[in-house]
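Analysis of the macromolecular model
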Amino acid sequence: MEYIDNMPLMDLMRSEKMTFVQLIIPAESAHRAITYLGQLGLLQFRDLNAEKSPFQRTFVNQVKRCVEMSRKLRYFKDQIHKARLLLPPLPASQPDTELEEMEIQLAEHEHELIEMNANSEKLRQSYNELLEFKMVLQKASGFLVSSSSHTTDREIELDENVHSIDNHADTASLLEQEMRSELSNQSGVRFISGIICKSKVLQFERMLFRATRGNMLFNQAVADDEILDPSSNEMVEKIVFVVFFSGEQARTKILKICEAFSANCYPVPEDTTKRRQITQEVLSRLSELETTLDAGLRHRDKALTSIGYHLTKWINMVKTQKAVYDTLNMLNFDVTKKCLVGEGWCPIFAKAKIQEALQRATFDSSSQVGIIFHVMDAMESPPTYFRTNRFTNAFQEIVDAYGVAKYQEANPAVYTIVTFPFLFAVMFGDWGHGICLLLGALVLIARESKLSSQKLGSFMEMLFGGRYVLLLMSIFSIYCGLIYNEFFSVPFHIFGDSAYKCRDATCSDAQTVGLVKYKDPYPFGVDPSWRGSRSELPFLNSLKMKMSILLGVAQMNLGIILSYFNARFFSSSLDIKYQFIPQIIFLNSLFGYLSLLVVVKWCTGSQADLYHVMIYMFLSPFEALGENRLFWGQTVLQVILLLLALIAVPWMLFPKPFILKRLHMERFQGRTYGILGTSEMDIDDQPGSARERAEEFNFSEVFVHQMIHSIEFVLGAVSNTASYLRLWALSLAHSELSTVFYEKVLLLAWGYENIIIRLVGLAIFAFATAFILLMMETLSAFLHALRLHWVEFQNKFYHGDGYKFMPFSFALLADDDD
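Residues numbered from 1 in each chain as written. Predicted model: local features only at pLDDT ≥ 70, side-chain atom pairs only at ≥ 80, totals over all residues. Heavy atoms only, no water.

What to know about the overall build of the protein
Operational definition: Numbering of helices and strands starts at the N terminus; helices are DSSP runs of H or I of at least 4 residues and strands are runs of E of at least 2. Only protein chains enter the calculation, and the probe is 1.4 Å; a residue is then buried if its accessible area is under 20% of its type maximum, exposed if over 50%, and partly exposed in between. Should any heavy atoms of two residues lie within 4.5 Å, those residues are counted as being in contact. Each accessible area value is a Shrake-Rupley result obtained with a 1.4 Å probe; residue values ignore everything except the protein chains displayed when judging cover.
Regarding its fold elements, the protein presents 27 helices and 13 strands. Out of the 818 residues in the protein, the part that is buried amounts to 44%. Across the protein, the fraction of contacts at a sequence separation of at least 24, relative to all contacts at a separation of at least 6, is 81%. Working note: accessible area of the protein is about 44400 Å², and carbon and sulfur atoms make up 59% of it.

Here it is as structure tokens:
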């Protein structure tokens, strides 16, 4: 025990030591000090104004200004994306800009862009109307020529209501005005021409038919050109229509329906000469508008390119300034309003760096008063901070997904780096599939610098974040695949010839019958001759099932041993005596003994039935084992282990609650008494009285908690051990699934002479291997390994009720989206 106590502290296993500090910062150097601390990223501030709303804080106006600038920058970014321009990369060095100067620049750029967009929208609307008018004139000509023999110029009405629309007042020519003046009010066949979206034309025609009760003629033609929609910036396909009708009432209904369906109506003269003149005039105006629009777009793109050159820098600057003012709002002004007071947590190793940054802030701000930095005592538990790198970060995230470690609690991530990929590989073992995973992991690692700077999708981001986890999983899968001797379910004679051969020369089916062992066992892994034999499944079942029990018991023992180091670190002798010792005894008296029997049976080659041994260890502990005996004194050892397991249960349950109660009574016995002359009610109300302190300890609650913990461990020892059998089940399922795809798809297709059938079989085999075995099976084994670590391993020692150290850091802000 002295040797264990003298062991060095496991620094990798514990979170960083934290200290609670207070800062007293002069007002003139506060902004610069917080900025330097944000660049350092090693101090977590505590909100001293939690009772205040965001609008009651000191720097609320500065935060509002930053929010407004962020809105403008988002507007610029949307405009750049809408214009399909690429953001230029951030230049190596740009001159620093003051916040006030940048605010003025952003306001000017926004005003300029809004004005350019408004002008462009008006021009685009006029251009669209003229383009639609041109297509209506062209397409309606065919319909009017066919009806000209039945009507005269006096019988054609060109829709007075359309001419009164303001949108077309500017495009009306002198010819149109002359044509309007010559219209007659004679009744006859009239028509309305216009253009509508293709998606609405069916409902539009149906509605016209119902409104006029079929007394109309609807003609339509597809427009030659698509129209750009300014709101969605997408091209829309249009349909030109001409509706022939009779009567003023029908005309009114048709116009209302056109308005409801957002159909644009345009006047078309029946006279060919006038129609040709109007078309020429429309084409001339279209050419002028195209030139104006192109010039406006070039000017806007030039302005957006200039903005995009500085946009990334501006976004980062506004983001950091807003974070600085948000942090300043967490600080308190003292009564003199001349300095700010802040509190927070920092790692002990970072104290010198923080003091250096504060001294630099004092010097750069030319402050006459330095910043005071001193350590304070805190009642609350410190945050948990683990220093990780690119390799260990993913494993730490796996553990933190279950729960953040309590301050200075043993960190499972240290062991997860090895145990997690190994348990995965036990279920996934195939060195062919492992090589495929290894290639994928190496590609992600090789392109690490490029992918880390790109915006990835959710799945790809998760895969890239776990690239080193995938690397270790693939390496361990290759190792376990070599042990199982499986390469896409095919065995290979990698380490020499098989230890089995035919009994005699007449052996015709060496894969199923007649094999005898003629030399030492296969040097590494499973002998390839087991594949395809009648004993393959029973042999592999026995091997993998017993191996799963051994691995499970070993990992659970590791978890219990870690609980000892936790108790020793926190100086809790009660947890060592009344939790660690009985737990290690109970687990190993039953399942540790089972593991011993498995190893002895493997070493001796005995045919003992371990199921019978374990069952009758409880039912008939004194009965002779007979042919199931593995070693001398086994019956006596079983009785002793059974008694130790029975003793361990009350050992876990009863002593700790009663000892805690005795220690509590001794601690507060006679410590505080009420003042003489006071009533009994006064004594009860005395805040520091012994009676109130005694009531703080609830014995029944402590006892029930200990009982639940004991029952959970006893039942969990059985269920957790059985849970490790998933290693056997998933390994067997993966192997059998690989065999099915190999034999029933690839070999079956390869048995045909047709090259097409062979290629189809090869394609199906490759698809099944990639998407079922390499994706679905990988995800399944990953989730089961995750479950084994979260439940079976970590529940032996890990509480996970801490909170993560979240320092004020500009580097963390860079990953957040607005």
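Notes on helix H21 (residues 655–668)
Defined as follows: Expected span of a helix, by definition, is 1.5 Å for each gap between consecutive residues, and there is one gap fewer than residues. Directions are taken from the helix axis to each C-beta atom, and the arc is the one they span.
Between the first and last C-alpha of H21 there are 20 Å, a value that for 14 residues agrees with the 20 Å anticipated at 1.5 Å per step. Along H21, the residues that are buried comprise Lys 656, Pro 657, Ile 659, His 664 and Phe 668. The arc that holds every buried residue of H21, seen down its axis, measures 165°, which confines them to one face.

Let's talk about the side chain of His 734
Relative to the helices and strands, His 734 resides in helix H25 (residues 726–750). Contact partners of His 734, with chain neighbours within four places excluded, come to Met 427, Phe 428, Gly 429, Asp 430, His 433, Leu 773 and Glu 777.

Quick look at the pattern of salt bridges
Heads up, the condition is: Criterion for a salt bridge: a side-chain nitrogen of Lys or Arg within 4 Å of a carboxyl oxygen of Asp or Glu.
Summed over all chains, the structure comprises 23 salt bridges. A salt bridge links Arg 65 to Glu 103; its shortest N-O distance comes to 2.8 Å. Linking Arg 65 in helix H3 (residues 60–82) with Glu 103 in helix H4 (residues 99–147), this pair joins segments that are 38 residues apart in sequence. Residue classification places Arg 65 among the partly exposed residues on the basis of a relative accessible area of 27%. Measuring nitrogen to oxygen at the nearest pair gives 2.7 Å for the salt bridge that ties Arg 285 to Glu 281. You can see Arg 285 and its partner Glu 281 sitting in helix H9 (residues 272–328), four residues apart, about one turn around the helix. Given a relative accessible area of 22%, Arg 285 falls into the partly exposed group. When its relative accessible area of 25% is taken as the criterion, Glu 281 is described as partly exposed.

Comments concerning the layout of surface pockets
So the rule is basically this: Definitions used for this entry: grid spacing 1 Å over protein atoms alone; cavity, a set of points where a 1.4 Å probe fits but cannot get out; pocket, an open set with protein on both sides within 12 Å along at least 5 of 7 lines; lining residue, one with an atom within 4 Å of a point. Grid points are joined across faces, edges and corners, and a volume is the space filled by probe spheres set on the points. Note that Gly is not counted as nonpolar here; it falls among the polar residues with everything else outside the nonpolar set of Ala, Val, Leu, Ile, Met, Phe, Trp, Tyr, Cys and Pro and the charged set of Asp, Glu, Lys and Arg.
The calculated volume of the second largest pocket comes to roughly 870 Å³. Looking at the second largest pocket, it is lined by 32 residues, and the ones nearest its centre are Gln 579, His 705, His 709, Lys 796 and His 799. Considering each element in turn, the lining of the second largest pocket owes the most residues, 11 residues, to helix H24 (residues 699–723). Its residues placed into classes, the lining of the second largest pocket shows 13 nonpolar, 12 polar and seven charged.

Description of helix H18 (residues 573–604)
Quick note on the threshold: The angle between axes fitted to the seven residues ending at a residue and the seven residues starting there is what we call the bend at that residue.
Where H18 bends most, the angle comes to about 45°, and this point is Asn 588. Looking at the residues trailing H18, positive phi occurs at Gly 605, about 75°.

Details of the sheet that holds strand S3 (residues 189–197)
To keep it simple, the criterion reads: At least two bridges found by DSSP between two strands are what make those strands a pair. Angles run from 0 to 180 degrees between N-to-C directions of axes, and those axes are lines fitted to C-alpha atoms, restricted for helices to the stretch in contact.
If you walk across this open sheet you meet the four strands as S4-S7-S3-S8, and the pairing is antiparallel. The open sheet has two free edges, formed respectively by strand S4 (217–222) and strand S8 (264–265), since each of these has just one partner strand. As paired strands, S3 and strand S7 (residues 238–246) are joined by nine bridges and run antiparallel to one another. From the neighbouring strand, Ile 192 faces S7, where its bridge partner is Val 243. Sheet contacts for helix H7 (residues 201–211): S3, S4 and S7; angle to S4, the most-contacted strand, approximately 165°. Strands in contact with helix H8 (residues 248–260) are S3, S7 and S8; relative to S7, the strand with the most contacts, it is inclined by about 160°.

A word on the confidence of the model for the protein
For clarity, the threshold we go by: One number per residue, pLDDT, summarises how confident the predictor is, and it ranges from 0 to 100.
Scored by pLDDT, the protein comes out at a mean of 84, with 86% of its residues at no less than 70. Ignoring residues within four places in sequence, the model shows residues 149–187, a span with pLDDT below 50, making 63 contacts including any to other chains. Across residues 673–695 the pLDDT falls below 50, and counting only partners more than four positions away or on other chains, this stretch makes 15 contacts in the model.

Some thoughts on the packing of aromatic side chains
Condition: A pair of Phe, Tyr and Trp rings is counted when the ring centres sit within 6.5 Å of each other, with Trp represented by its six-membered ring. The angle between the planes then sorts it: under 30 degrees is stacked, over 60 is edge-to-face, the rest tilted. Both a distance and an angle decide whether a charge sits over a ring: NZ of Lys or CZ of Arg must be within 6 Å of the ring centre and within 35 degrees of the ring normal.
All told, the structure shown has 40 aromatic pairs when counted by the stated rule. Consider the rings of Phe 59 and Tyr 325, whose centres lie 6.0 Å apart with planes at 35°: the pair is tilted. In this pair, Phe 59 is assigned in the loop between strand S2 (44–46) and H3 and Tyr 325 in helix H9, connecting sequence segments 266 residues apart. Here the aromatic rings of Phe 191 and Phe 244 are separated by 5.8 Å at their centres, their planes lie at 50°, and the arrangement is tilted. One end of the pair, Phe 191, is in strand S3; the other, Phe 244, is in strand S7, with 53 residues separating them in the sequence. The class of Phe 244 is buried, set by a relative accessible area of 10%. Directly above the aromatic system of Phe 699 lies the positively charged group of Lys 661, at a separation of 4.9 Å from the ring centroid.

Focus on the environment of Ala 350
Take Ala 350: it is sitting in the loop between strand S10 (339–347) and helix H10 (351–364). Each C-alpha atom, one on Ala 350 and one on Leu 42, is 6.6 Å from the other, the two residues being 308 residues apart in sequence.

Points about empty space enclosed by the protein
Evaluation of the coordinates by the stated rule reveals five cavities of 30 Å³ or more. Lining the largest cavity we find Tyr 484, Asn 485, Pro 491, Val 526, Asp 527, Pro 528, Trp 530, Arg 531, Glu 536 and Leu 540. In terms of residue class, the lining of the largest cavity is made up of six nonpolar, one polar and three charged.

Section: the pairing of strand S1 (residues 18–26)
Counting buried residues along S1, eight of its nine residues qualify, which places the element largely inside the surrounding structure. In terms of strand pairing, S1 meets S10 through nine bridges, oriented antiparallel. Residue Thr 19 lies in a different strand from S10, and its bridge partner there is Cys 346. With five bridges connecting them, S1 and strand S11 (residues 372–376) associate as antiparallel partners. Bridging from a neighbouring strand, Ile 24 pairs with Ile 372 of S11.

Considering the environment of Leu 358
Within the element layout of this structure, Leu 358 appears in helix H10. Leu 358 sits 333 residues away from Ile 25 along the chain, and the two C-alpha atoms are 9.0 Å apart. Leu 358 has contacts with Leu 23, Ala 33, Leu 37, Ile 371 and Phe 373, leaving out every residue within four places of it along the chain.

As for the side chain of His 433
In this fold, His 433 is placed in helix H13 (residues 431–446). When neighbours within four sequence positions are excluded, His 433 is seen to be in contact with Phe 428, Phe 488, His 734, Ser 738, Thr 769, Leu 773 and Leu 774.

Here we look at a nonpolar patch on the surface
How we decide: Like charges are joined within 9 Å and nonpolar side chains (Val, Leu, Ile, Met, Phe, Trp, Tyr) within 5 Å, but only among residues with over 30% relative accessible area and no salt bridge; these make up the patches.
Together, Phe 459, Met 460, Met 462, Leu 463, Phe 767, Phe 771, Met 775 and Met 776 give the surface a local cluster of nonpolar side chains, amounting to about 820 Å² of exposed area. Counting only elements with at least two residues in the nonpolar patch, the list comes to helix H15 (458–465) and helix H26 (755–793). Counting through the fold element by element, Met 460 comes out in helix H15. On the accessibility criterion, Met 460 (32% relative accessible area) is partly exposed.

Considering unusual backbone geometry
The phi dihedral of Arg 84 falls on the positive side, at around 60°, and the residue is not glycine. With respect to the element layout, Arg 84 can be found in the loop between H3 and H4. A relative accessible area of 67% places Arg 84 in the exposed class.

Focus on the packing of helix H2 (residues 30–40) against H9
Selection criterion: By definition in this entry, angles of less than 35 degrees are roughly parallel, angles greater than 145 are roughly antiparallel, angles of 65 to 115 are roughly perpendicular, and the rest are oblique. The hand of a helix crossing depends on one turn: near helix anticlockwise from the far one by less than a right angle means left-handed, and clockwise means right-handed.
Relative orientation of the contacting elements H2 and H9 amounts to 115°, with a least axis distance of 10 Å. Comparing the axis directions of H2 and H9 gives the class roughly perpendicular. Handedness of the crossing formed by H2 with H9: right-handed. Mapping the contact onto sequence places Ala 30, His 31, Ile 34 and Thr 35 in H2 and Gln 321, Val 324, Tyr 325, Thr 327 and Leu 328 in H9.

Overview of the packing of H18 against helix H19 (residues 610–619)
Orientation of H18 relative to H19, taken along the N-to-C sense of each, is 150°, at an axis distance of 11 Å. As judged from the angle between their axes, H18 and H19 are roughly antiparallel. In this structure, H18 meets H19 at a crossing whose hand is right-handed. For the pair H18 and H19, contact is made by Ser 589, Leu 590, Tyr 593, Leu 594, Leu 597, Val 598 and Lys 601 and by Leu 610, Val 613, Met 614, Met 617 and Phe 618, respectively.

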